[in-house]
Amino acid sequence: MAENQETQQSIKEVLKQNFPVFHNDQLLERIAKEARVFHNEEETVVVDLGDFPKWIPLVIKGAIKISRADSEGGEIFLYYLYPGQTCAMTLNCCMVDKPSEVRAIAEAGSEFIGLPRKALPQWMLEFEEWRQFTLESYNERYENLLATIDAIAFQKLDERLIGLLRDKSIALGSTSVEVTHKRLAEELHSSREVISRLLKQLEKIGKVRLMRNKVELLDF
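Residues numbered from 1 in each chain as written. Predicted model: local features only at pLDDT ≥ 70, side-chain atom pairs only at ≥ 80, totals over all residues. Heavy atoms only, no water.

**So, the nonpolar core**
Turning to step 1, where the next piece is worked out: Counting residues in hydrophobic clusters, the biggest one holds 22 residues, and the most contacted among them are Leu15, Phe22, Leu115, Trp123 and Trp130.
Turning to step 2, where the next piece is worked out: Of all the secondary structure elements, the ones that give two or more residues to this core are α1 (2–18), α2 (25–34), β3 (55–61), α3 (88–96), β7 (110–116), α4 (120–126) and α5 (128–154).
Turning to step 3, where the next piece is worked out: The greatest single-element share of this core, amounting to four residues, is contributed by α2.
Turning to step 4, where the next piece is worked out: Apart from the residues lying within four places of it in its own chain, the contact partners of phenylalanine 22 are Leu15, Leu27, Leu28, Ile31, Leu58, Glu129, Trp130 and Phe133. (Core = buried A, V, L, I, M, F, W, Y, C linked by side-chain atoms within 4.5 Å. Buried < 20%, exposed > 50% of the residue type's maximum accessible area, 1.4 Å probe, protein only. Helix = DSSP H or I, 4+ residues; strand = E, 2+ residues; numbered from the N terminus. Contact = heavy atoms within 4.5 Å.)

Next up, the structure:
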C-alpha cells in the first residue's frame, strides 16, 4: 500500500514538472491513481495502425514518433511528440471509439505516462483543465500536420531529409542519429537509393558525417 502511494506521488510530481497546465489536485489524484509509467529501453510501438489504443501517452522524456502507413507497408513521418505533449489523434480515437489511423512509436530511452482510455470521456466532463489541455493538443497537432503538408508540397526532398534528421536529433538528444538509409527512405516515402545519394551530397558539403547505420549532424 505504501509503495503504491509512493508511486502515485511520484507520478504527480512528474506531471507537475512536465504538464504545468494541470493545477487541479483532484485531477492529478485521478491521473496518478489510474496511470502507468512506461520506460522504453528500445524502440517500442505504442499504438499501431488499426489498434484501439489502450493507453494515451503523456510524454515525460525523449520522444514519440507519429507516422502514417498504407496497406502495402509504405510509411510517411508526420511529427514527433516531446515532453509535455500528448497524441491528439489517439485522444480523438478514444473519444469517438474508433481505431487509430496513425502509428505511434516511442524512441529508445523515452518515457511516458500512460492514461487508460476508459477514463478520458469522464475527465472531459469533470475537469475544465483536461478539456483545455485536450483542445490545445488538438491545435498543436493540427499545426504540426499543416507543417508536414507544406513540407511535402513545397520543400525539396533534401530539405525534408534535413528536417527529419534535425527532428530525430532533437528527439534523441544527440547529434549522432542511429538510423539506416532504408528507414529514412521509408519515413520520407522515397527510395533508399535516392536518400543515399542525398546523404552523400550533404556529407560532401559538410552537413553530415556518414557511418554504418548512423548519421552524425555537423552543421544544423
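**Details of the layout of surface pockets**
Turning to step 1, where the next piece is worked out: Approximately 360 Å³ is the volume found for the largest pocket.
Turning to step 2, where the next piece is worked out: Lining the largest pocket are 21 residues, and of these Phe77, Leu78, Thr148, Ala151 and Asp167 sit closest to its centre.
Turning to step 3, where the next piece is worked out: Broken down by secondary-structure element, the contributors of at least two residues to the lining of the largest pocket are β5 (75–81), α5 and α6 (157–172).
Turning to step 4, where the next piece is worked out: For the lining of the largest pocket, the leading source of residues is α5, giving six residues. (1 Å grid on protein atoms, 1.4 Å probe; cavity = no way out; pocket = protein on both sides within 12 Å on 5 of 7 lines; lining within 4 Å. Points joined across faces, edges and corners; volume = space filled by probe spheres on them.)

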